[in-house]
Structure formats: structure tokens, C-alpha cells
Amino acid sequence: MTDTASDRLAELTLEEKASLCLGSDFWHTRAVERLGIPAIMVSDGPHGLRKQPAEADHLGLSGSVPATCFPTASALGSSWDPGLVQQVGEALGRECVEQEVAVLLGPGINIKRSPLCGRNFEYFAEDPLLAGVLGTAMVRGIQSQGVGASLKHYAANNQETDRLRVSAEVDERTLREIYLPAFERVVTEAQPWTVMCAYNKVNGTYASEHTWLLTDVLRGEWGFTGLVVSDWGAVHDRVAALAAGLDLEMPPNLGVSDAAVVAAVRAGELDEAVLDRTVQRVLALVDRAPVAAAGEPVDADAHHRLARAVAGQCAVLLKNDGILPLEPAAGDSIAVVGEFARTPRYQGAGSSQVNPTRVDVALDELRAAVPDGVEVAFAAGFGIDSTDDDEALAAEAVALAGRCGTVVAFLGLPASAESEGFDRSHIDLPANQTSLVASLAAANPRLVVVLANGSAVRLAGWDHHAGAVLECWLSGQAAGGAAADLLLGAVNPSGRLAETLPVRLEDSPSYLNFPGEAGHVRYGEGVFVGYRGYDALARDVRYPFGHGLSYTTFAYSDLAAEIFGGGDVAVTCRVTNTGDRSGQEVAQLYVGDPVASVARPVRELKSFQKLDLAAGESEVVTFELAARDLSYWSTKTSGWVLEGGDFEIAVGASSRDLRLTTTVEVDAPPVQEPLGGMSTLLEWLADPGGAAAVRAAFGTDESGRPRGILGDEETLKVIGSFPLSTLAAFPGVGIDAAAVHSLVEKVGAGAG
Ligand code: BGC
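This report concerns the structure included in the present document. Since the model is a prediction, treat every value here as computed from it, not as a measurement.

1. Remarks on the layout of surface pockets
Quantified by volume, the largest pocket comes out at close to 590 Å³. Taken together, 28 residues make up the lining of the largest pocket; nearest its centre are Leu 129, Val 133, Arg 185, Glu 189 and Asp 629. Among the elements of the structure, α3 (82–98), α4 (128–143), α5 (172–179), α6 (181–190), β21 (604–613) and α17 (627–630) are those that each provide at least two residues to the lining of the largest pocket. Tallied by class, residues from the lining of the largest pocket come to 10 nonpolar, 5 polar and 13 charged.

2. Considerations on helix α7 (residues 211–221)
Every buried residue of α7 is listed here: Leu 213, Leu 214, Val 217, Leu 218 and Arg 219. Down the axis of α7, the smallest arc covering the buried residues is 165°, so these residues share one side. Backbone geometry just after α7 places Gly 223 at a positive phi near 75°.

3. A word on the pattern of salt bridges
What the rule picks out here adds up to 42 salt bridges. The salt bridge partner of Glu 420 is Arg 119, with a shortest N-O separation of 3.3 Å. On the criterion of sequence distance, the pair formed by Glu 420 in the loop between β12 (406–412) and α14 (431–443) and Arg 119 in the loop between β2 (103–105) and α4 is long-range, its members being 301 residues apart. Overall, Glu 420 belongs to the buried group, its relative accessible area being 14%. A salt bridge links Glu 160 to Arg 163, with the nearest nitrogen and oxygen atoms 3.3 Å apart. A relative accessible area of 2% means that Glu 160 is categorised as buried. Judged by its relative accessible area of 12%, Arg 163 falls in the buried class.

4. Details of the side chain of Ser 114
Note on placement: Ser 114 falls in the loop between β2 and α4. Separated by 3.0 Å, the side chain of Ser 114 and the backbone nitrogen of Leu 116 make a polar contact. Setting aside anything within four residues of it in sequence, one finds Ser 114 in contact with Asn 120, Ser 510 and Phe 514.

5. Quick notes on the site of the ligand
Taken together, 14 residues form the shell around the ligand, and within it Asp 44, Arg 119, His 153, Tyr 199 and Asp 231 come nearest. Within the contact set of the ligand, an oxygen atom lies 3.2 Å away from a side-chain nitrogen or oxygen of Glu 420. For the ligand, whose unbound accessible area comes to 310 Å², protein coverage reaches 94%. Residue composition of the shell around the ligand, grouped by class: 5 nonpolar, 2 polar and 7 charged.

6. Quick word on empty space enclosed by the protein
Summed over all chains, the structure comprises 4 cavities of 30 Å³ or more. Put simply, the largest cavity is a space of about 140 Å³. Along the wall of the largest cavity there are 14 residues; nearest its centre are Phe 340, Arg 345, Phe 410, Ala 452 and Ala 479. Listed by contribution, the elements that provide at least two residues to the lining of the largest cavity are β12, β13 (447–452) and α15 (479–488). For the lining of the largest cavity, the class distribution of residues is 12 nonpolar, 1 polar and 1 charged. Volume-wise, the second largest cavity comes out at about 80 Å³. Lining the second largest cavity are 13 residues, with Lys 112, Ser 114, Pro 115, Glu 126 and Thr 500 sitting closest to its centre. Within the lining of the second largest cavity, the residues separate by chemical class into 4 nonpolar, 5 polar and 4 charged.

7. So, the sheet that holds β2
Spatially, β1-β2-β3-β5-β8 is the arrangement adopted by the 5 strands of the open sheet, whose pairing is parallel. Strand pairing shows two members of the sheet lacking a second neighbour, β1 (42–44) and β8 (227–230), which therefore form its edges. When strand polarity is set aside, the average angle formed by the axes of neighbouring strands in this sheet is 30°. In terms of strand pairing, β2 meets strand β3 (residues 148–154) through 2 bridges, oriented parallel. By the bridge assignment for β3, Val 103 is matched with Gly 148. Packed on one face of the sheet, α4 meets β2 and β3 and runs near 150° to β3.

8. Focus: the packing of aromatic side chains
Scanning the entire structure with this criterion turns up 12 aromatic pairs. Each ring, one from Trp 27 and one from Trp 232, has its centre 5.7 Å from the other, and the planes form 35°; the classification is tilted. Residue Trp 27 is found in the loop between α1 (14–20) and β1, and its partner Trp 232 is found in the loop between β8 and α8 (238–244); the two are separated by 205 residues along the sequence. Like Trp 27, the residue Trp 232 is buried in the burial classification. Site record: aromatic cluster; members linked through ring pairs are Trp 80, Tyr 531, Phe 545, Tyr 590 and Phe 608. Positioned above the aromatic ring of Tyr 523 is the side chain of Arg 113, whose terminal nitrogen or guanidinium carbon lies 4.1 Å from the ring centre. Lying over the aromatic face of Tyr 206, Lys 201 brings its terminal NZ or CZ to 4.9 Å of the ring centre.

9. Focus: the environment of Glu 269
Here Glu 269 lies in the loop between α9 (257–266) and α10 (272–288). Separated by 68 residues in the primary sequence, Glu 269 and Val 337 have C-alpha atoms spaced 66 Å apart.

10. As for the pairing of strand β10 (residues 333–337)
Across the 5 residues that make up β10, a large majority, 5, are buried. Every second residue of β10 is oriented toward a common face, with Ser 333, Ala 335 and Val 337 on one face and Ile 334 and Val 336 on the other, all of them buried. The pairing of β10 with strand β11 (residues 375–379) spans 5 bridges and is parallel. When the bridges of β11 are listed, Ile 334 appears paired with Val 376. What joins β10 to β11 is helix α12 (residues 362–369), and the crossover it makes is right-handed.

11. Side note on the environment of Thr 578
Of note, Thr 578 is situated in the loop between β19 (569–577) and β20 (583–592). Residues Thr 578 and Ser 230, 348 residues apart in the sequence, show an inter-C-alpha distance of 51 Å. In this view, Thr 578 contacts Thr 552, Thr 553, Phe 554 and Ala 555; residues no more than four positions away in its chain are not counted.

12. As for α4
Along its 16 residues, α4 runs 22 Å from first to last C-alpha, staying within 8% of the 22 Å computed at 1.5 Å per residue. Most of α4 is tucked away, with 15 of its 16 residues classed as buried. The opening residue of α4, the one whose side-chain oxygen lies 2.8 Å from the backbone nitrogen of Leu 129, is Asp 127.

13. Examining the sheet that holds strand β4 (residues 167–169)
The strand order across the open sheet formed by 4 strands is β7-β6-β4-β16, and the pairing between neighbours is mixed. In this open sheet, the two strands that pair with only one neighbour each are β7 (205–206) and β16 (520–522). Sheet topology places strand β6 (residues 201–202) next to β7; 2 bridges connect them, and they run antiparallel. The residue of β7 that forms the bridge with Lys 201 is Tyr 206.

14. What to know about the side chain of Asp 687
Its location among the elements puts Asp 687 in the loop between α18 (681–686) and α19 (688–698). Of the side chains with opposite charge, Arg 695 comes closest to the buried, unpaired Asp 687, at an N-O distance of 11 Å. When neighbours within four sequence positions are excluded, Asp 687 is seen to be in contact with Gln 672 and Leu 675.

Scoring rules and cut-offs
Residues numbered from 1 in each chain as written. Predicted model: local features only at pLDDT ≥ 70, side-chain atom pairs only at ≥ 80, totals over all residues. Heavy atoms only, no water. 1 Å grid on protein atoms, 1.4 Å probe; cavity = no way out; pocket = protein on both sides within 12 Å on 5 of 7 lines; lining within 4 Å. Points joined across faces, edges and corners; volume = space filled by probe spheres on them. Helix = DSSP H or I, 4+ residues; strand = E, 2+ residues; numbered from the N terminus. Nonpolar A, V, L, I, M, F, W, Y, C, P; charged D, E, K, R; others polar. Buried < 20%, exposed > 50% of the residue type's maximum accessible area, 1.4 Å probe, protein only. Arc of directions from axis to C-beta. Salt bridge = Lys/Arg side-chain N within 4 Å of Asp/Glu carboxyl O. Polar contact = N/O pair within 3.5 Å; in protein donor to acceptor, adjacent residues only side chain to side chain. Contact = heavy atoms within 4.5 Å. Near = heavy atom within 4 Å. Areas by Shrake-Rupley, 256 points an atom, 1.4 Å probe, with all protein chains shown as cover. Pairing = 2+ DSSP bridges. Axes fitted to C-alpha atoms, helices over the stretch in contact; angles between N-to-C directions. Phe/Tyr/Trp six-rings, centres within 6.5 Å; stacked < 30°, edge-to-face > 60°. Lys NZ or Arg CZ within 6 Å of the ring centre and 35° of its normal. Right-handed = clockwise from strand over helix to strand, strands pointing away. Expected span 1.5 Å × (residues − 1). Lys, Arg positive; Asp, Glu negative; His and termini not counted.

In C-alpha cells, the structure reads:
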């Protein structure tokens, strides 16, 4: 049978092959009708399908067919629940199959480097393990339906400012430890059908032309076998991009990019084998695409219910003095304040914006869910898009708060404050909202705040007025229903922060290096991103990474850790639900290497598990770590290095609520670097073989004392850090160039 597209490679003309390396329009690959090769459709992504109908604009900005808007990654990241995220992926996949979309453009797994990034709502976490585990689950879910995912944006796309040109200046250790591991995990564990390259440059080279990223690392090291697609408009030199490993240009620069490829092959500047390899990948993708409308029709009601259930698992209860859950009885009154209770904000703007099948309104949901005889009254309190104090609205809300038993204020960021395409300049809620909180609390101290925002906001300065704060993020079309479920206790909050909420923006580790200038953004904080930075600088934070409360409580006990040869570590501990209702706890395991030869974070998340425990129930959790989890990336050896010594293993409920700590001792040989003429005298002396050879070369005097500076402790301290070759040129040191030469010949080559 030769009816697959892949079988047609040999029959394609050079022009047809070149044309397959770009799309045919904004959302389709190119068909070759003469050979029966169909076009396939791709669409955004990532938390809902944004399929534009054929008659839509060609910029990709206008409306799309109705689809379920699931919680955005800002919310999904806080679930810490790969099983749940996989279910969302499966639902997204079903909607793609029904709409004949072959590839969904998501998930986005870039690291939240700064709270200001305009697209943080599309990304999971400030931590690569969490982003990678959830990204893997999402890709598995989507692809389980026979639809492809597109893992984006590869790599170092951590801001919107100048995103099409800026060069992310980031050292290799930081790339390897922070910005690449989530991509590595998803690629190696879930094999996404496609990876989308980023717009930006990485260390001076466009991601779309970055051979090291697209070919050496992605394919060579991680074994990626799928297709690399450009972000929309990321290709500047089609031939250079093709040679670097970029397979499909979207949207197509028709008549220009294809012509350039043909010309380059004809001129002998591009090996036709490179083109063939790319075309093969495009054809393989076409072959994988689902056959038209093969799936069951989507049950929009079921997907809406799923969206609500998922949103309920994502909200983070930041504080609670016991006011939540509300348990209203007939005769009670609740003042619902805040325009967001009536006009929900549940998704962000830009390419991820979904046309929802329906939208829950929190006010309506609360009214429907409270018992008979409970009054739920409403006052807007503020206008969403005005930042000035609207005194009449505020006065009305305060009066209502004063006459009701409890106040629930729905606050959040206006849509205009965060979006794809630009970064934020501050992290404050609008002043008309924060001043309202103070007035509401003065009128009625029984105050709950519910937040809708896609990225970190500043809470210091106003959250002390509230008895409870529930961070719901941008939680999709059923956010309103989920908020009612959480407030009334039908659902027990179980989200945990996937990003630190700082006291002040100025405290964030990337603050001085964001968003860069003159076309460059220097990742000056290195590996100290998010909690890694706050902890290293011992800075107070408002709410730490991993934090989140529940309506029940959990206790940790019986921590044990065992290390095996090769650096594998097995850790167990017991987690017990000590409260009176069932709930979910996220047990988090952090590792630290307090004495290391490079600057390392105080602690790093290396494993976690979300547990569902009935009241009084107890479970023993097992975490498995590998040597890589204890290692750092060495730029000297271009590899992961496991150093010997004590490592701290801490388990707890957040990065700053570590309940149990133990130590494991790693037995590993010291890192041996090759000795050469440019190695310092002290480095030679620190190496057993090197020391013996150097001592022999210096020799001893009649009394047996080492000659030259080896016999003079004080001088050795001062100039021991000089390279051996440099010292050899100094008269009276005790060693000359010929001796250094023979030392290097003898010892240097063998060392390391
Ligand atoms: C975004 C991508 C998106 C693409 C297609 C780009 O501007 O960066 O995330 O998938 O447009 O809409």
C-alpha cells in the first residue's frame, strides 16, 4: 500500500518540496493535489481551541468557532495535578478531532521568569519540574486523541517586550538547569508531534536559526522525532532556518521563502538531502493527522462540567482565618461586591483567546447554590476599566457590606492589564479596588476576597483587611461556578502556588534585568529564578512558591531517605489528614547542596505528589530521585556533575513550610579537570597525581625542604593562583618552561 503522504517523497519536484516547507495560509500546510497529499489544519491553543472559520481574516486575530475555554495555564499550573491536566488535554483533543484540527498549538511551558511577563497566564510555573510534569500531561492528553500538540515557545521566550527581536543572553548552565529541562522532559516523555520555536534570539541567534537548540539538543540529545514549526512570523532567513532544523514556516511567506529554498538548492548552497529530511517530517505529520470527523461529537455540557471541576482544583486559598467555607443558613445575608462577580474575567488576550461555549457568572452561581432563605445581594463597587475611585459605586458597596452578614469581594486585573504582546509595568491591582477593600473591611470585618488575574499581583498593603483570600487565576469559562463551589465548601481548595507572590515587585530576582534594553535581555540572575532567588537572598515573600491552604489540615511524619549507588535516592514520608473533612495535599520534596563548588540554590523542587485523603486518613508517600536531581550543569565538563558530600532533603507543604528534613551523603569522586599549563599551581597541588609530579619537578634542597615557592607558605598563598606557565616565566620561582612542558605531557594528558 503506497497511499501515505510519506511514500510520495521521491515523486515530488524540487518546487513542490520547497513549497511543503511552508504553510499554504495562516492555519494550513500545503497540499500537493497531483499526488493526493492533503493539507492539514493547525490552531491555537493552549487552553481551548481557537479555530478560525475559513472566511475569517488572514491575520489570525478575528473570531473563532465556539469551544470550551478551560482554565488557563496560570490556573492549571496551580493544580500541581498531572492527572487533571491530562484530562484537560484529552478534552482539548476531542474538540480538535471534531473540528478537524490536526495540531493544537500548545501547551506553552516557558518559565515565569518575571511576574511582569504579559503571557505568564499562558505558562505553568516558575519551576522547570512543575512546568515539565504538567506539560507532559497536557501533551499526553491531547495526543491520546490522535491529535498533535505543539510545545512552545522553544526557547527562552520569557517576555513580550521586543519579543520578535530581543536576544535572551543566558549562560549555558542556566539554560540547562532552568529554561530547557521542561522542554527536555516533555520531549523525552511525551514525544509531542511538533515543537514551536520562539520568536526571540538566544545568545544572538534567532531561535528559528539556532542549530544548537533545534538540532543538536532537541534531536541529538533528546531524541525528538517530530516536526519543528516556527512561531507565527519567526522566520527571517528561510534557508538558514531550514539548515538549522526548522521544518515548517508559519504563516507562509509565499513566493519568497519557497523560491529562496529552490534557489539555494540549485546554487548548491543547500544540500537537497536537508530539504528531503524536512519534507519527510512534514509528510509524516500529514500522515498522522486524524481522518475527517472521526471522533464522537463533543458533549459541550460534559466539557463545561469538566472545566468547572478542574477550575475547582486550581484555586489557591492564600489565607483563611476560618471564615471559609461560608456555611450560610436561612436568614443569613451575603454581600457580593465587585464587577468581576457579574462580568467574569476568566481568560487572557491574544492568540489563546477562546470563543467560549458559555460562561458561568459567579453571582448567579452563588445565588443558585445557597440554601433557601439566604440573601445574596450585589454591588459593583468599581468599574473594571476605570482606575479612579468611583465614589458612588464604592459608597453603595460599603453600605451593602455594612448591612450584610458576610462580604465576598471579587477583585482582579482588567483585561487591558495583561495580554500577549506586551509586558506589565507593575503588579498592583487597580487602586479603586484596593481602596475599596479597606472601606469594606471597616464596614464589615467578615470579608473574603476572590481574585481573578493571570499573573502575580501585590497583596501586601491590602490583604490584611481580608479574613480569607482565594486566588482563582484566569480559570476558564466555568470559573464562576467553581468559585461558588469553593466558597461554599462543596469543593475543598487544593491549589498550590506555582509562582512566588512577592512583597514588592522590586524583590523579584530578575527585577534589574527585565526586560532588557537595546535588543538584549541579560538573564543576570542566572539559575536564581523565582523561589530559588528569593531564598538565596533570604527575602521575605508575601506567599511562597508551593503555598496553598485547605479547609482541612495535614501532618507530616516518618521521613526516611536512602541513597543507592549511582546517586539514586528513595525518600518516604507519611502524610495524614488531621482535619475533619477530606482534602488534597501536595507533598513537595526539595533538595539542597549546601557545600558545592558552584553557586547553587538553597533548595530546588525535585519531586511532588498530590494526595487525596479522607478525614483522618494517612498515606505513605514515596519519592524517587535520580543522580540528575542532585546534580548541577558544569560548563567546564559540558555535562551534569554529581558532587560528593551531604545533600539536604526536605519535605513539606511549601518551599517555606518544610516540615521534615534529613540528609543523605553522596559518595562521588572529586570532579577532575584536565591539568594543563593554564592550570594554577594550587590546582596542580590539589590533584593527587599532579601534586606528586609538581613536587618532583620543584625538587628539594639539601635539608629536604621543597625548593622555590613550594617551600614558602606565604608566597604560595599569594601567587599560588597563577597558572603554572605564567609562574615559569618568573625568575626564582623554582620551575621553568621546559619543566612545565614535560609536566603537562606527563600528567596533564592523563588527568581528567
Ligand atoms: C504566538 C503563538 C501562537 C501563534 C499562532 C503567535 O503570535 O506567539 O503562541 O500559537 O501566534 O496564533
